[in-house]
Amino acid sequence: MSGWEALSEGTQDVFRDLGTRNPKVIRKISTARLTKAIRESQFYGYDDCSPFTWLIFEYERRKTQRNWTLAIIGLIIAVVGIIASLIK
């Protein structure tokens, strides 16, 4: 596994943390570290394995969750704006 040895210690830690499948440990991984691990894995050719798909899945899950949160906040702001304009 020459690709594994080429990865930095931080990226290897991200893969190990994802491998635990412990939600508390996975939640502690910052999105910036996930993004860095994705880029580095693709650079060194470590993107054709199962751990990489876990990495992509976690990144996509966070991205989707963030988008839903922003959509709900935007909806709340829009409703408050409409109610405020009707009251005046």
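Residues numbered from 1 in each chain as written. Predicted model: local features only at pLDDT ≥ 70, side-chain atom pairs only at ≥ 80, totals over all residues. Heavy atoms only, no water.

Participant: I keep staring at the environment of W54 and nothing clicks. Help me out?
Facilitator: Residue position: W54 is located in helix 5 (residues 50-87). Taking relative accessible area as the criterion, W54 reaches 29% and is therefore assigned partly exposed. Put simply, W54 and L18 are 36 residues apart on the chain and 7.1 Å apart in space, counted from C-alpha to C-alpha. In this view, W54 contacts L18, G19 and R21; residues no more than four positions away in its chain are not counted. (Helix = DSSP H or I, 4+ residues; strand = E, 2+ residues; numbered from the N terminus. Buried < 20%, exposed > 50% of the residue type's maximum accessible area, 1.4 Å probe, protein only. Contact = heavy atoms within 4.5 Å.)

Participant: Is there a simple way to explain a nonpolar patch on the surface in this structure?
Facilitator: Taken together, the side chains of W68, I72, I76 and V80 make up a nonpolar region of the molecular surface, amounting to roughly 450 Å² of accessible area. With respect to the helices and strands, the residue V80 is situated in helix 5. (Patch = residues over 30% accessible without salt bridge, like charges linked within 9 Å, V, L, I, M, F, W, Y side chains within 5 Å. Areas by Shrake-Rupley, 256 points an atom, 1.4 Å probe, with all protein chains shown as cover. Salt bridge = Lys/Arg side-chain N within 4 Å of Asp/Glu carboxyl O.)

Participant: What should I look at first to understand the packing of helix 4 (residues 31-43) against helix 5 in this one?
Facilitator: Packed helices, taken two at a time, are described by the angle between their axes plus the distance between the axes. Two elements in contact, helix 4 and helix 5, have axes whose closest approach is 10 Å; the angle formed by their N-to-C orientations is 140°. By the angle between their axes, helix 4 is oblique relative to helix 5. Helix 4 and helix 5 meet at a crossing whose hand is left-handed. Counting all contacts with helix 4, which are made through T31, L34, T35, A37, I38, S41 and Q42, the residues of helix 5 involved are F52, L55, I56, E58, Y59 and R62. Residues of the contact of helix 4 with helix 5, tallied by class, amount to 7 nonpolar, 4 polar and 2 charged. (Axes fitted to C-alpha atoms, helices over the stretch in contact; angles between N-to-C directions. Parallel < 35°, antiparallel > 145°, perpendicular 65-115°, else oblique. Left-handed = near helix turned anticlockwise from the far one by under 90°. Nonpolar A, V, L, I, M, F, W, Y, C, P; charged D, E, K, R; others polar.)

Participant: Quick question: what am I supposed to make of unusual backbone geometry here?
Facilitator: Note: most peptide bonds trans; most residues except glycine with negative phi. For R21, which is not glycine, the phi dihedral falls at a positive 60°. By relative accessible area, which is 55% here, R21 ends up exposed.

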